[in-house]
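One letter stands for each residue in the lines below.
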Amino acid sequence: MVYAFSQSCWAWCYEEAVCCLYSPLNVCLASGDLHKRDFHHYINQWGHFLIAFPQAYDIVLESLEDQQEDVQAAILERRNFITQELQWHASFIQECDLDSTAETTQHSVTVKYVNFLLATASGNQDMVHLEIPTPAEKLKIAAHVLSAITPCVRVSATLAKLIKPLTRRNKRPRRFNMWIDRYSSDEFEALTVQTEGLLDWLSNSLTDEERKVLGEVYHQAMKLEVEFFYSRLSVPTKLIPVSLLHNREEEHLLLFSVFDFACTAVDSLQGLEQMTLSSAKEKSIVGLPPRPGRRPRPGNTHLQMSRADLQKAWDAIVVFDKREMDKWLLKILAIPIAVGFDYDGLCKVLEQLSVIRENRISRIIETGVLKGLSLSRMQLAGTRMNLYYGCVNFFEKVFRNEALNASVHVISCWCEDLMRSALPGESDKLNLNGNEFDYETGEVTRRMVLSPSAKFSYFNDAIQKYEREHGKPHATVYIGYSVEDLLCLLNADIGIVFGSDQCIRDVGGWFGVRFVPLFEGTVAKQREFFESGYSSDCEWKGPPGTLYTVSNWLDIHALILGCWSLMNPNLYLWVSLSLLE
């Protein structure tokens, strides 16, 4: 599929967009908890943004006097739209009885964006350190201006549409309704699409290298949008970002994540299956005696097992596992559905699942399908694992963030050698927890098994070990995927379900577990914090039986780290201090 230029830029900058969504300002706006001073600041600074748009368009129109009339008309149409938007902005301030003169000075972040936009329109390459085309190349300058404006318009429309459904339960001022309704409207979306369409049209005649520079302008504008949304908050939220509110001197942050289907897009056992099958395939001569003077390798079953037999053995494991899982699920259906959250009932059925999962490893060992798998092939299986975008980057940013005193534990049923090969970069700093593997015999040491009870035991042991060694308070985040993670997820301060596995939702829902999208849950917690009168004990933990769902690592990144990874450390420190003022 070929995407339009504006769509490609938006996809490239989606991380910045998610950071904007999870900014304290937007979370408080969605919860109805945005302080009046902050709302006034936001509205007035947005007005300064809008005033800069027609100024930039005017510079472009002046340079297009001798150029194509259709380009002039398109730019003028965009300018007229901004003029209408400024009129609406003025009427909004008047109708909501806001003080338009209370904040006439531009915030430093607003100044940066305005200067960036006007410098782009003037072809001032020193402003953004980009290779801006010369003023004589009129259409290119117009394209650059549209590339600097479009992300500002697109992010406003997108965030408003995401926020609006979450505001129905708010007892918020009417002005909040008016603002969100305006930017979530079909009219504003249509105007945004038209702006993107103009950018696409102007980019069509550019070379690949010129479009690359155009994309960098778009990206720079999005980074300035992030700074804008994190620029000020009079009453700080106690919830986000976790890295900012977490006191590294007094607390330790324990981050847990499963490896399969949270870090990886596939089961690591499938990777091992492919390695063993390819190993058997390479040994095309099967059953021949060893060469004179050479003893056969102990336990290397693949020298005796054909590839076809090995495939049958793997298929039998899969079929047996599915049959056992189906039986377990049928037993659950015989239990009356819970009224409210039934933790004890859930624990009982998960005990039965633990027995099934623990027997699974025994069956794999007994079939001999892993015998003869070498360390090099185990590591190769790891390098071939398809990791989710943002996973490794998140771990690396956690270790680089000086605002956190954190440790990261990655859990898998399988070999640590495989995980270490799959998670490059900061893998030496991760606590990787999986079974040990004997490459001679194919035996698995049951240090970690894929069962609810085993994972929960490890989770508790890690917490108790920290308490014995440090004796400080701690916060826990657990990122899981499957029904085997339910006990850990429900006992963590923040339990995050990654992906779309239906089994965990069906089983959890049967016993009253609520699954809430992470941003929606963040807004609900902020609303709870607001309604409690900003009680100091209103934190992430609770209510019982609530888990948060995500489909990518960007939401997790935004919740834990906020905008830290998108800024240099000095700038992040400035933004952090402004949030806590």
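What this report covers is the structure whose coordinates are included nearby. Just so it is clear, the model here is predicted, and its values are computed rather than measured.

For the rest of this paragraph, the subject is the layout of surface pockets. Empty space within the largest pocket amounts to approximately 720 Å³. Looking at the largest pocket, it is lined by 31 residues, and the ones nearest its centre are Phe261, Asp267, Arg357, Arg360 and Leu450. Considering each element in turn, the lining of the largest pocket owes the most residues, eight residues, to helix 14 (residues 307-333). Tallied by class, the residues present in the lining of the largest pocket amount to 16 nonpolar, three polar and 12 charged.

Before going further, it helps to spend a moment on the packing of aromatic side chains. Inspection of the entire model under this criterion finds 33 aromatic pairs. Centre to centre, the rings of Tyr42 and Phe229 are 6.2 Å apart; their planes meet at 50 degrees, and the pair counts as tilted. Here the residue Tyr42 occupies a position in helix 4 (residues 36-63), and Phe229 occupies one in helix 11 (residues 208-229), the gap between them amounting to 187 residues. Just as Tyr42 is buried, Phe229 falls in that class too. Between Arg505 and the ring centre of Phe515, over which it is positioned, the NZ or CZ distance is 5.9 Å.

Here we come to the nonpolar core. Ile75, Tyr113, Trp328, Phe395, Val410 and Ile560 are the most contacted members of the largest nonpolar core, which totals 181 residues. For this core, the element with the most residues is helix 8 (residues 138-163), which contributes 14 residues.

What follows covers the packing of helix 3 (residues 24-31) against helix 22 (residues 518-531). Contact geometry of helix 3 with helix 22 gives a least axis separation of 8 Å together with a crossing angle of 70 degrees. Classed by the angle they form, the pair helix 3 and helix 22 counts as roughly perpendicular. The residues of helix 22 that touch helix 3, namely those facing Val27, Cys28, Ala30 and Ser31, are Phe519, Thr522, Val523, Gln526 and Arg527. Of the residues assigned to the contact of helix 3 with helix 22, the class counts are five nonpolar, three polar and one charged.

Definitions and cut-offs
Residues numbered from 1 in each chain as written. Predicted model: local features only at pLDDT ≥ 70, side-chain atom pairs only at ≥ 80, totals over all residues. Heavy atoms only, no water. 1 Å grid on protein atoms, 1.4 Å probe; cavity = no way out; pocket = protein on both sides within 12 Å on 5 of 7 lines; lining within 4 Å. Points joined across faces, edges and corners; volume = space filled by probe spheres on them. Helix = DSSP H or I, 4+ residues; strand = E, 2+ residues; numbered from the N terminus. Nonpolar A, V, L, I, M, F, W, Y, C, P; charged D, E, K, R; others polar. Phe/Tyr/Trp six-rings, centres within 6.5 Å; stacked < 30°, edge-to-face > 60°. Buried < 20%, exposed > 50% of the residue type's maximum accessible area, 1.4 Å probe, protein only. Lys NZ or Arg CZ within 6 Å of the ring centre and 35° of its normal. Core = buried A, V, L, I, M, F, W, Y, C linked by side-chain atoms within 4.5 Å. Axes fitted to C-alpha atoms, helices over the stretch in contact; angles between N-to-C directions. Parallel < 35°, antiparallel > 145°, perpendicular 65-115°, else oblique. Contact = heavy atoms within 4.5 Å.

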